[in-house]
There are 4 protein chains.
Amino acid sequence: MQFRHPFDPETDGDKLREECGIFGVVGAKDAANFVALGLHALQHRGQEAGGIVSHDPEHGFNSARRFGYVRDNFTNAAVMDTLPGPIAIGHVRYSTAGSKGATAIRDVQPFFGEFSMGGCAIAHNGNITNAVALRRELIERGSIFQSSSDSECIIHLMARSIQKTLAERIKDALRRVEGAFSVIAMTRTKLIGVRDAHGVRPLVLGRIGDSGWALSSETCGLDIIGADFVREIEPGEMVVIEGNRVESTRPFVQATPRFCIFEQVYFSRPDSILLGRSVYETRRMIGVELAREAPVEADLVCPVPDSGTPAAIGFSQESGIPYAMGIIRNQYMGRTFIEPTEHIRNMGVRLKLNVNRALIKGKRVVLVDDSVVRGTTSRKIKEMILEAGAAEVHFRIASPPTAWPCFYGVDTPERSKLLAATMSEDEMRDWIGVNSLKFISLDGLYRAAGEAQGRNAKAPQFCDACFSGEYPVVPSDKIEEGFQMKAAE
Amino acid sequence: MQFRHPFDPETDGDKLREECGIFGVVGAKDAANFVALGLHALQHRGQEAGGIVSHDPEHGFNSARRFGYVRDNFTNAAVMDTLPGPIAIGHVRYSTAGSKGATAIRDVQPFFGEFSMGGCAIAHNGNITNAVALRRELIERGSIFQSSSDSECIIHLMARSIQKTLAERIKDALRRVEGAFSVIAMTRTKLIGVRDAHGVRPLVLGRIGDSGWALSSETCGLDIIGADFVREIEPGEMVVIEGNRVESTRPFVQATPRFCIFEQVYFSRPDSILLGRSVYETRRMIGVELAREAPVEADLVCPVPDSGTPAAIGFSQESGIPYAMGIIRNQYMGRTFIEPTEHIRNMGVRLKLNVNRALIKGKRVVLVDDSVVRGTTSRKIKEMILEAGAAEVHFRIASPPTAWPCFYGVDTPERSKLLAATMSEDEMRDWIGVNSLKFISLDGLYRAAGEAQGRNAKAPQFCDACFSGEYPVVPSDKIEEGFQMKAAE
Amino acid sequence: MQFRHPFDPETDGDKLREECGIFGVVGAKDAANFVALGLHALQHRGQEAGGIVSHDPEHGFNSARRFGYVRDNFTNAAVMDTLPGPIAIGHVRYSTAGSKGATAIRDVQPFFGEFSMGGCAIAHNGNITNAVALRRELIERGSIFQSSSDSECIIHLMARSIQKTLAERIKDALRRVEGAFSVIAMTRTKLIGVRDAHGVRPLVLGRIGDSGWALSSETCGLDIIGADFVREIEPGEMVVIEGNRVESTRPFVQATPRFCIFEQVYFSRPDSILLGRSVYETRRMIGVELAREAPVEADLVCPVPDSGTPAAIGFSQESGIPYAMGIIRNQYMGRTFIEPTEHIRNMGVRLKLNVNRALIKGKRVVLVDDSVVRGTTSRKIKEMILEAGAAEVHFRIASPPTAWPCFYGVDTPERSKLLAATMSEDEMRDWIGVNSLKFISLDGLYRAAGEAQGRNAKAPQFCDACFSGEYPVVPSDKIEEGFQMKAAE
Amino acid sequence: MQFRHPFDPETDGDKLREECGIFGVVGAKDAANFVALGLHALQHRGQEAGGIVSHDPEHGFNSARRFGYVRDNFTNAAVMDTLPGPIAIGHVRYSTAGSKGATAIRDVQPFFGEFSMGGCAIAHNGNITNAVALRRELIERGSIFQSSSDSECIIHLMARSIQKTLAERIKDALRRVEGAFSVIAMTRTKLIGVRDAHGVRPLVLGRIGDSGWALSSETCGLDIIGADFVREIEPGEMVVIEGNRVESTRPFVQATPRFCIFEQVYFSRPDSILLGRSVYETRRMIGVELAREAPVEADLVCPVPDSGTPAAIGFSQESGIPYAMGIIRNQYMGRTFIEPTEHIRNMGVRLKLNVNRALIKGKRVVLVDDSVVRGTTSRKIKEMILEAGAAEVHFRIASPPTAWPCFYGVDTPERSKLLAATMSEDEMRDWIGVNSLKFISLDGLYRAAGEAQGRNAKAPQFCDACFSGEYPVVPSDKIEEGFQMKAAE
């Protein structure tokens, strides 16, 4: 295993492209227990590691951070007893491909800072696009970084602020930060939530009984603790919650909302509600749109499990082709085999998926998947389906071609590794080796997401940079590294 | 935690009610790697623990047994390197409710015995219904039991046999054994498979390339290693495989085949093939039959994930009511939270399932589940659905009422705990608290399983004791303990 | 690492040459706690693994076996709470060189057997010299061995006995056994202690308050629990303890006592009492005798820590040469570095010992060590001492030349590896490379051990086979393997 | 267990009273291996945790920190392979009583900081007496502390320095620091060693072959890696080592050397050389002085193992009373039983020590111990000795009464807990309950340490604040907390 160290400056700004889940609670007995449950519901947003910080007047701030699933670390009494108090926040973190060796536990959030007016912990979902420059400047002025995470900049910017309150210092810090972020912070008594001006990453507010509040990346985090969904935190909004008061301010220069459309396609859980709509329903409608845009004669519509399921249902309903479970997922996979034997490494997708042979044999099959990134998995699935005797294989993809990397908190390969960056739809079809391959159009996707008129090309309603190459926030660190933006048309 | 010891004779015959998966390979380089993969595919048949024994001429017999998932134990090189050789067998074991503390690693199969003509390992799926009596007799005559498993009797019976070959000794031993079993055994060079005369538990034969053979509980275990499905081992058959020869004999008194119908309903994987039919298709047909037998006016058909899915699809297709994912399963659950805090223990089903609120609200919902055992989970799911605002809830169950315990290798509560043993269908409906509750009829189930005429009451084609109370093999140990058979009608 | 399996019959009779410590308690609340303490005091007799079995009427027999030190396994409440009851026995086991990989936890004693009249656990210190033959016969007749330990024969012999009580079955079994043994056994209510007819291995009886009894390999095990030393179990004696009664019988053919003299030289703890004498005092007297037999002009007498210390004190006192700590032992070694880097493997003895340079420089040093086996350590110590600038190095050894392997429970290299088997004293001196090398004479050793007239060559008072080659019990398994006894003179 | 968090400011300045060992190497292949060995030799200076940082051009700075012994963490290849390169430093840390739960891994040194001119790691032995004030000031100005260790101040002071080189920044930082310290630091290519102006803590320089250098707390760390002892780093000296050059400067205001006399009495290993003298010889001479100052009629002189041994040898030699091992230490104790049962917690000292009963019975015994702190252990040892039948017990203590806490890197109880702070020698004798109790005089101790004229009261040659209450550096944080210095006489 190659060893990459968190001290290594070369890794900074390189492996911070994670998708995260954040959760916070105030005003509830043993708040950390609620946070653990909320993080469990948000586990799909980050499986590598998790952390919780809590505070109570007697024991002060306490913290626990662990590699692995929430259910394995933050459920037993021995750990949770060390996290007492009525206020707590937490974070789950995604494992970027192959980088486990490089992540020290010190990269696991929430981050904590002790200031002269008291301690403050923060949990950050998103990506700071000027983190390299900020870090360089902060080190120059005497800050000592303890992690390789760009999120740590926020704490150091707070430490440098001359504001008197922690809430004001958070504003000061986030005004220096460029990029996409949703942030949950806590002081001894206040729970704070902030979204960047574009509102790229989600953040919602919930009510726990009569006295408590929760902030969560998604509404499914509220459901699990029995909290009522109050509203989304708005793009550019900061809420400071203490006791029964929720104080709202707008610390940033106003901007057009550009919520991440990939949250609709893939990231968010199907049982969450985004922008007032069921994610499941949006995805089912993608299938419906796909069936209209790219119809095909076939015997069965099968999802690539599990993320293709809602779109496959929609495709089946619109097309009238029967829906079937043609591919079965092994439920005992976990994320991956660890330190596998050579033999097992070579098994690839077969460990996770098996074709329902008796069903597929001799059939013309429509496979509905959420996206095509490198295309390698699509190819393997096609092989399995053909080997099982399918007569024809038609891929229908519930998102447009992914041709550009995301710099706002999503781990994407570099552009040259994205299949759609180098091939046309027909070339992709041939390379994957299927009878047909169709992606939903950008307009079709917008319609499925509730924009009846489709995409407003002048002022797109979502961030769709991964499909369109139009980045709402200039990725300045990346440009410094040599990334080429799409030429203006 | 209460401590139950494997030495404790009172636990014998009590916690042996497990469902297991077995797998064996001969004639393949590093056979244990194939066995690990096969067991991974059979993990749904037993999640508590697993074991593999291999043999090669240089190192003799080697063994590894572990608690936990196959993927966590039998995939890394450090463990697998200790299991060299061209022949290996393995076993996965189910965790009976709450008994983890009681299971010593020594209860984990395969069991091994050193005989004067060489070593022999066996893996057993099923249950020996005269194990208590056999064990008593064997101890009387000087055998020392090392586990609390009834399967260990087989090894001791072999040790007492005066036959000259291990294969003959296995026959001797299994002729003394009553109950339901599929057994895979290995000597230094021979792979052996046996099914009891009724063929209650499954066992299939596969071909690996030109030189190797595999035995597996289900065909999905063959798929994962790329083996070709050759045929089922037949009820009452014993095969001895060495080199390219598969020698078949019939060591037992002949009996009517009575394959376990619950394998069709729930145990086997949907991508397996049983009795020449796709399990998925049988389950989808159960849904079709249910829609015919128990139609209902509703807006949505939702499966209780994941086992209700194929029947829900069939119900939707037959009824025309749209299929939808109304309940979302959390993929990060594992089997259970370990040593949970009080807070989390009280969360119950909410940790595993969440209702798709935006979808369900105001709708009349048909929920399709595989079975009702104690009924407690059904009640909780009903609460979640109503709390999310469903207008009506109709349960449709893909199996008849489970009114009798299984004594053939399935862990079932004692009869008094089975809801259907004490209530009529209407009483169950009221106790669960839903608008309607309907089970598929026994005839409907048989039809879905391919018996066009339904159940032959004179000579039932399957073992359906859990539904009918008609036990093909007398459960003598249980009767000795006081179990009351159904009165003859 | 080479993998040797416990199933492998070739390892039987080969790696069973361990020295062990055994301890048992009856009639004390939570007897297992006392056993844990007793085993901790006996840890020098076996560091690889330990086990305890206890019984109480409510929970029956319980057992825990672990690799590692007693203090790491059998002291915390979580383990000890699983071992309730007023009767318990335990065992610690020595790690034979390099064989850790080969030892399964199933080789760890006590062994347990369930018989028709109840359960029985046994702990065995010693070696059965006809174990290979016994095992062969038992397997032939239908016994299934679960470990590679020769001690398991005792349990199977008990199972075959037709006696009605467990105590009588133990007698039956031990009468079939040849070799050297001290055994502690327990039934539900009885604690049993036995020594072989020669009494090669130690076993003592102690009294706990008014109601309890303890059996221990050495008196230091009684001290730690505050028990009073009552007496030694005599050679050939069996005691059965129940309530306040200690019933003594003599089940074996009488023989001359031949207690192991190496217990005096090295194995037993210096604070134990053997045959009515302080072990420390015997060892100090060895030093006195050595100073008389092999005087030398020198500036300092230094022990090779820690086992050479008492003899070095005696040598100093008799010779008048000042005693000094010329070699300092690192207290943080544990037994060994595990999976060391190449770099550290090459450090050898330097990791454990360091020379007190400022003290040694320019001095003539007498080094007193307990024994010379292969001689390799002596050579390394000599190098360290010379490198530190010693003017002369004189080795004085507190035992005669070790020229023969022990077959009675001590792990010794095969004869050809013993330095004294192939070299004269002068050759050894030259090979080690010191100014002088002297061993105590066999007579001198007997005198130090309290036999004023020295060794009675006609009827030696001790077993001294490792020095003399005169084996009191014929090592029949070894002779079958090809071992050559010393020719009669 | 009470949970104290590293974030908790109340723990700052409270649990930093540790004694540590530090080691560094430059110019040797795989320097971290040497550092691991050096730390193993220094393990007596800190057993709780250890850390190593290394650097090589290809992988940059790498770090590993672990709880537990060096031999358990820093010897196997898997860990050491992550620490490549020709330069490395390390640290072992002492466990302050009962505070394990409070120490996060982040408190484990070396600490690392990334500065604009590159990274720097430091390992600190000692205590900063103005750490509370420094930390307060640094936080005020925007520094974020990540540990509760006072040593972290050094890194933040470096970050604030406007010097251009890391070596100059270390000087800047250490000039702001008050207290006692020896520091080893490393940059990419330079190994740096510094001692405070009084030279309270030790630090020595060694040569590895022709090209490498080592810095170590004690000379025993050089011995284990085969390095030659070159010289001590002098009080107030800073050495910067790169390639073959050792550059020496004096960055601090000059002060009288005041080496810690307790290093002579107890902390340092007996095989180390301090101020040109063997520590063992100094301790033996303490025994000689004690025998002169406080003679007694007795039969045996016994050390309290192991630290009382050299003084007991000296006492025996001077008094003519025979030296004997009257108390035997259990070698398998480790530091402590973890999570013990109630039963075992009550065993106390008996788990570690056993009296050699047969030797002690009826004898008048002189027990030589290194020091008396709270006196509780002395009392228990007395009880054991009397219970074993000793006729008389006389304690002789190899240090003067410990009446004042140390604030320079030694963990001492608060003053009120020190037996000698509240009782006279006679009162202590009666409280412990022995026939006589005598401490060596301060002058006698100085004579044994090589000061023929004893202590120079005007300008003491050592720091002896723990005995005299005369603190060479004002403990300003402690005074702020309320500590009362001894009134000037």
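All figures in this text were calculated on a predicted structure; none of them were measured in a lab.

Caption draft 1: Molecular detail of the relation of the copies chain D and chain A. Superposing chain D onto chain A takes a rotation of 180° plus a shift of 0.1 Å along the axis, which leaves an RMSD of 0.1 Å. On the angle and the small slide along the axis, the relation comes out as a two-fold axis. Taking C-alpha positions as reference, the residue of chain D nearest the rotation axis is serine 143 of chain D, located at 3.0 Å. The overlap is high: 93% of the interface residues of chain D also sit at the interface in chain A, so the same surface is used on both sides.

Caption draft 2: The relation of the copies chain B and chain A, seen in detail. For the pair chain B and chain A, the relating rotation is 180°, the translation along its axis is 0.0 Å, and the fit reaches an RMSD of 0.0 Å. Both copies present the same face, since 100% of the interface residues in chain B are matched by interface residues at the equivalent positions in chain A.

Caption draft 3: Up close: the interface of chain B and chain A. Each partner contributes to the interface: chain B provides 59 residues, whereas chain A provides 59 residues. Taken over both partners, the interface formed by chain B and chain A buries close to 5000 Å², and the fraction arising from carbon and sulfur atoms is 61%. Where chain B packs against chain A, one counts 2 salt bridges. The salt bridge partner of arginine 357 of chain A is aspartate 223 of chain B, with a shortest N-O separation of 3.2 Å. Between chain B and chain A we count 20 residue pairs in polar contact (both at pLDDT 80 or more) in total. Looking at which element gives the most residues to the side of chain B that touches chain A, the answer is helix H1 (residues 31-41) of chain B, with 5 residues. Taken together, the residues of the side of chain B that touches chain A break down into 31 nonpolar, 18 polar and 10 charged.

Caption draft 4: Region of the structure containing the pattern of salt bridges. Residue and element names in this part refer to chain C. For the structure on display, the rule yields 130 salt bridges over all chains. Salt-bridge contacts for glutamate 218 lead to arginine 45; the nearest nitrogen and oxygen are separated by 2.8 Å. Here glutamate 218, found in the loop between strand S10 (212-216) and helix H7 (219-224), pairs with arginine 45, found in the loop between helix H1 (31-41) and strand S2 (49-56); they are 173 residues apart in sequence, far enough to count as distant. You can call arginine 45 buried: its relative accessible area is 1%.

Caption draft 5: Layout of the domain arrangement of chain A. One can read the domain layout of chain A as domain 1 (17-260) and domain 2 (274-459). Taking the mean C-alpha position of each, domain 1 of chain A and domain 2 of chain A sit 33 Å from one another.

Caption draft 6: Structural detail: the interface of chain D and chain A. On the chain A side, the residues contacting the 29 residues of chain D number 27 residues. Interface area, chain D with chain A, both sides summed: about 2700 Å², of which 58% is carbon and sulfur. Counting across the chain D and chain A interface gives 0 salt bridges. Linking chain D with chain A are 0 residue pairs in polar contact (both at pLDDT 80 or more). Elements supplying a minimum of two residues to the side of chain D that touches chain A: strand S3 (60-67), strand S5 (111-115), helix H4 (131-140) and helix H5 (152-160) of chain D. Examining the composition of the side of chain D that touches chain A, we find that 5 residues originate from one element, H5 of chain D, more than from any other. When its residues are assigned to classes, the side of chain D that touches chain A shows 10 nonpolar, 11 polar and 8 charged.

About the thresholds
Residues numbered from 1 in each chain as written. Chains lettered and ligands numbered in written order. Predicted model: local features only at pLDDT ≥ 70, side-chain atom pairs only at ≥ 80, totals over all residues. Heavy atoms only, no water. Least-squares fit on C-alpha atoms with pLDDT ≥ 70 in both. Contact = heavy atoms within 4.5 Å. Buried area = accessible area lost by both parts, 1.4 Å probe. Salt bridge = Lys/Arg side-chain N within 4 Å of Asp/Glu carboxyl O. Polar contact = N/O pair within 3.5 Å; in protein donor to acceptor, adjacent residues only side chain to side chain. Helix = DSSP H or I, 4+ residues; strand = E, 2+ residues; numbered from the N terminus. Nonpolar A, V, L, I, M, F, W, Y, C, P; charged D, E, K, R; others polar. Buried < 20%, exposed > 50% of the residue type's maximum accessible area, 1.4 Å probe, protein only. Domains from an automatic or database assignment.

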